[in-house]
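# Residue-level structure breakdown
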Amino acid sequence: QQQVKQSPQSLIVQKGGISIINCAYENTAFDYFPWYQQFPGKGPALLIAIRPDVSEKKEGRFTISFNKSAKQFSLHIMDSQPGDSATYFCAASIENTGNQFYFGTGTSLTVIP
Amino acid sequence: EAQVTQNPRYLITVTGKKLTVTCSQNMNHEYMSWYRQDPGLGLRQIYYSMNVEVTDKGDVPEGYKVSRKEKRNFPLILESPSPNQTSLYFCASRRGLVYEQYFGPGTRLTVT
């Protein structure tokens, strides 16, 4: 079964708007939650990541909000730009036990100029 | 330039014909992984390795083999490919725990 559930599947946002992508997980042992950005024809690239000891992490226009009790985390893209149009994947892993990662199903973001 | 390379980038083959997709990294990373990406399913981990001669199954290992004889290389082997293995494959590496994962450019495999 899907260890990490991601929504929405696709998202269209106006330039300058806020894009929000949500993920939920069940395994409370997960302790590392990265977000990846993928452009067409390229491999995913790490965008931002969070560990459960903080509720929010911000890097430029990108923010992860983390709700440990609800087992949910989300990516917020402020002031969305056409160059942000890409597929975004959330993921989860248990860092101290190895190299196993579980990814969400992806969100295709289109930012309209 | 620090990178993960995969070869070939595109491959069309027939059912049952053994193939190998190579993956190499020049960053001296300990950890490497193989993923497949399918529409609506996201990325799913096939196998991963935490060092030379140390490999383990990911979420979808059936029909695949790997080996890690050298630190820099982590080939993916399909002994008898089937059409349900048609997919986009990514290799990734990371320096170790708590370090980020770097992905290769992908290999698009079609099995007819």
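Heads up: the structure comes first, above all this text.
Here's what I pulled together on the structure shown here. (Residues numbered from 1 in each chain as written. Chains lettered and ligands numbered in written order. Predicted model: local features only at pLDDT ≥ 70, side-chain atom pairs only at ≥ 80, totals over all residues. Heavy atoms only, no water.)

Bringing unusual backbone geometry into the picture now. Look at the link from A:Ser7 to A:Pro8: it is a cis peptide, with omega at -5 degrees. Inspection of the secondary structure puts A:Pro8 in the loop between strand E1 (4-7) and strand E2 (10-14). In this model, B:Asn7 is joined to B:Pro8 through a cis peptide bond whose omega is -5 degrees. The phi torsion at A:Lys71 lies on the positive side, around 55 degrees, for a residue other than glycine. Within the fold, A:Lys71 resides in the loop between strand E7 (62-67) and strand E8 (72-77). For A:Lys71, a relative accessible area of 21% corresponds to the partly exposed category. Unlike most non-glycine residues, B:Asn28 shows phi in positive territory, near 60 degrees. You can call B:Asn28 exposed: its relative accessible area is 54%. (Helix = DSSP H or I, 4+ residues; strand = E, 2+ residues; numbered from the N terminus. Buried < 20%, exposed > 50% of the residue type's maximum accessible area, 1.4 Å probe, protein only.)

Next up on the list: the pattern of salt bridges. Inspection of the entire model under this criterion finds nine salt bridges over all chains. One salt bridge connects B:Asp38 with B:Arg36, and the closest N-O pair in it is separated by 2.8 Å. The same class applies to B:Asp38 and to B:Arg36, which are both buried. Where salt bridges share partners, they join A:Arg51, A:Glu95 and B:Arg94 into one cluster. (Salt bridge = Lys/Arg side-chain N within 4 Å of Asp/Glu carboxyl O.)

Residue and element names in this part refer to chain A. For the structure on display, the rule yields two disulfides over all chains. In this model Cys23 forms its disulfide with Cys90; the gap between the sulfur atoms is 1.9 Å. Sign of the S-S torsion, about -95 degrees for the bond between Cys23 and Cys90, identifies this disulfide as left-handed. Note that Cys23 is positioned in strand E3 (residues 19-25) and Cys90 in strand E9 (residues 86-93), a separation of 67 residues in sequence. When its relative accessible area of 3% is taken as the criterion, Cys23 is described as buried. Residue Cys90 is classed as buried on the basis of its relative accessible area, which comes to 0%. (Disulfide = S-S within 2.5 Å.)

A separate point is the interface of chain B and chain A. At the junction of the two partners, chain B supplies 26 residues and chain A supplies 21 residues. Between the two partners, chain B and chain A, sit one salt bridge. With its nearest N and O atoms 3.6 Å apart, the salt bridge here joins B:Arg94 to A:Glu95. The interface formed by chain B and chain A holds seven residue pairs in polar contact (both at pLDDT 80 or more) in total. Elements that contribute at least two residues to the side of chain B that touches chain A include exactly strand E4 (31-38), strand E5 (42-51), strand E9 (87-94) and strand E10 (101-103) of chain B. Considering each element in turn, the side of chain B that touches chain A owes the most residues, six residues, to E5(B). Here the residues of the side of chain B that touches chain A sort into twelve nonpolar, nine polar and five charged. (Contact = heavy atoms within 4.5 Å. Polar contact = N/O pair within 3.5 Å; in protein donor to acceptor, adjacent residues only side chain to side chain. Nonpolar A, V, L, I, M, F, W, Y, C, P; charged D, E, K, R; others polar.)

Such coordinate-based values are descriptive only and should not be taken to indicate function.
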